[in-house]
Amino acid sequence: MAIPFSALLLALLLSSSHLPLSSPADEAFDVRRHLSTVTRYDVSRETFDASFSPSAVQDGCRPIHLNLVARHGTRAPTKKRIKELDRLAIRLDSLLNDAKQKTGKDSLQKIPAWLWGWQSPWKGRERGGELIIKGEEELYKLGIRVRERFPQLFDEEYHPDTFRIMATQVPRASASAVAFGMGIFAGKGTLGPGQHRSFSVISESRASDIHLRFFDTCETYKEFRTSKEPDVEKMKEPLFDQIASLLSSRYLLNFTRQDISSLWFLCKQEASLLDITNQACGLFNPSEVSLLEWTDDIEAFVLKGYGESVNYRMGVPLLQDVVLSMEQAISAEEGNLAGGTSEKARLRFAHAETVVPFTCLLGLFLEGPEFEQIQREQPLSLPPMPPQRRNWRGSSVAPFAGNNMLVLYQCPGNTSNDRLSSGVQRNKYFVHVLHNEIPIPMPGCGQRDFCQFEVFKERIVNPHLKHDFNSTLMEPKKRSQFSQASALTE
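Note that the coordinates shown come from a computational prediction; the quantities given were computed from them, not determined experimentally.

**A word on a positive patch on the surface**
Move 1: Together, Lys79, Lys80, Lys83 and Arg87 make up a positively charged patch on the protein surface.
Move 2: One can find Lys79 in helix H3 (residues 79-102).

Okay, structure coming up:
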């Protein structure tokens, strides 16, 4: 079913004409917490919802395996966006020259001083997108914390079959895997003052990586995204136009919709990468920042998240791989796995386009009865606009270094004979789900974060398994016909 963009556009047009100029909490407002998926990991972890009471892991339970699906750390802007910032510098210079010719000296005082002569911090750079020092530190510290939290898993001697580390072929993802590995294996070797050790990072070809870059290999998804991106941009236009009008009046500069888009991008880069919040970000008041953040969150929702089932259906091979690793760990515990030391952790480093669909497959960050809707692959309503509260926030779902951890526990069994056909006691193994290291409720497990493994498979995993990657991949013609029919009803 097509997303009702026309209805949304009408709502935006009605609401954007009444944008508030201030927020009652202006003084406490930290723009770094409102950068959607450009939010740094340390800032995101400071803003988690503390209202959820995590499950108490019962005495005698011990972790036997850990799955990690992580996004790369904080990165530099890409080459394409560096060029956009260079164009912005030229545009701002033109706006300032116009202002000097058309306004008096008193009016020029309204223009923020930083705009005069501004140049992009990345001016002249020919390459971009690499993991920066802040990103290295995010993953390195994450590795240290994971080892400290689960010493039973990581005290074992390193072997590539015991600790499998995987990354996409994109350098910022593999660099993130290396930084994490340096943290988790720190002091475990003999190399240098830090007693580091070498370790293996495995990558699949971009053309065939259906576990971590399924968004590149799924033709159905690529067709969907191409068709919906113009709709998302059109959806943003009323808000961007209204904010452009407000800023034009505030600073007496003739800002356009494109100017607002570029200035918002600059704000996110300055605040997240450079901790500069009083330049581009200072042009916007808190209400405007919240609305710009919402447009980014909606874009992630529509093009990567719950906006269309193909977004997460294409991630089923990753979900299957996670479950398979757990089943193999259980077999090893039960003595049914032949040969060698059993795997203790499967650690994956990829992109927002990986983490967001996987988060959706788990059913996280939903509102009310929406879990049943995604199990039936029904479309969800878009997250509400500010100031209404919403669960879906890019800064929480997929910040830089954002991650999902699924920890498999073995717990003391009871005396019942409730066993599976394999002989494994049904209530002996549990899955603990953490998002950005914080226990998170799973609707499929009764809003608990600690769930029986068989219940996890039955209620969360199995409903998605009616699709395999090949069936999702081969649907573009059928989907195109369906989309044309749906468009007639809008």
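Still more to cover.
**With respect to the pattern of salt bridges**
Move 1: Taken as a whole and judged by the stated rule, the model has 33 salt bridges.
Move 2: Across the pair Arg32 and Asp275 runs a salt bridge, and its minimum N-O distance is 3.2 Å. Here Asp275 lies in the loop between helix H10 (257-274) and helix H11 (286-303) and Arg32 lies in the loop between helix H1 (5-16) and helix H2 (41-46), a separation of 243 residues in the sequence.
Move 3: Arg32 sits in the partly exposed class, given a relative accessible area of 27%.
Move 4: Under the relative-accessibility criterion, Asp275 is labelled partly exposed at 35%.
Move 5: One salt bridge in this structure joins Asp231 and Lys228, with 3.6 Å as the shortest N-O distance. One end of the pair, Asp231, and the other, Lys228, are both in helix H9 (residues 219-251), three residues apart, so they sit about a helical turn from each other.
Move 6: Residue classification places Asp231 among the partly exposed residues on the basis of a relative accessible area of 27%.

**Re the confidence of the model for the chain**
Move 1: For the chain, per-residue confidence averages 88 on the pLDDT scale, and 86% of positions sit at 70 or higher.
Move 2: Taken as a whole, residues 20-25 scores under 50 in pLDDT and shows nine contacts with residues more than four places along the chain or in a different chain.

**Overview of a nonpolar patch on the surface**
Move 1: Taken together, the side chains of Tyr140, Val178 and Met182 present a nonpolar region at the surface, about 220 Å² in accessible area.
Move 2: Turning to its location among the elements, Val178 is positioned in helix H7 (residues 171-184).
Move 3: With a relative accessible area of 37%, Val178 lands in the partly exposed category.

**Overview of the packing of aromatic side chains**
We describe a pair of aromatic rings using the distance from one ring centre to the other and the angle between the two ring planes.
Move 1: Inspection of the entire model under this criterion finds 15 aromatic pairs.
Move 2: Residues Tyr306 and Tyr312 carry aromatic rings whose centres are separated by 6.0 Å and whose planes lie at 65 degrees to one another, so their mutual orientation is edge-to-face. Here the two residues Tyr306 and Tyr312 agree in accessibility, since each one is buried.
Move 3: Where Phe430 meets Phe450, the ring centres are 5.1 Å apart and the plane angle is 5 degrees; that geometry is what we call stacked. A residue pair is termed long-range when its members are at least 10 positions apart, and Phe430 in strand E5 (residues 429-435) and Phe450 in strand E7 (residues 450-452) qualify at 20 residues.
Move 4: Judged by relative accessible area, Phe430 falls into the buried class, the value being 11%.
Move 5: Exposure remark for Phe450: the relative accessible area of 9% places this residue in the buried category.
Move 6: A connected cluster of aromatic rings, assembled from ring pairs, spans Phe154, Tyr158, Phe163, Phe185 and Phe199.

What counts and how
Residues numbered from 1 in each chain as written. Predicted model: local features only at pLDDT ≥ 70, side-chain atom pairs only at ≥ 80, totals over all residues. Heavy atoms only, no water. Patch = residues over 30% accessible without salt bridge, like charges linked within 9 Å, V, L, I, M, F, W, Y side chains within 5 Å. Areas by Shrake-Rupley, 256 points an atom, 1.4 Å probe, with all protein chains shown as cover. Salt bridge = Lys/Arg side-chain N within 4 Å of Asp/Glu carboxyl O. Lys, Arg positive; Asp, Glu negative; His and termini not counted. Charge placed at Lys NZ, Arg CZ, Asp CG, Glu CD. Helix = DSSP H or I, 4+ residues; strand = E, 2+ residues; numbered from the N terminus. Buried < 20%, exposed > 50% of the residue type's maximum accessible area, 1.4 Å probe, protein only. pLDDT = per-residue confidence, 0-100. Contact = heavy atoms within 4.5 Å. Phe/Tyr/Trp six-rings, centres within 6.5 Å; stacked < 30°, edge-to-face > 60°.

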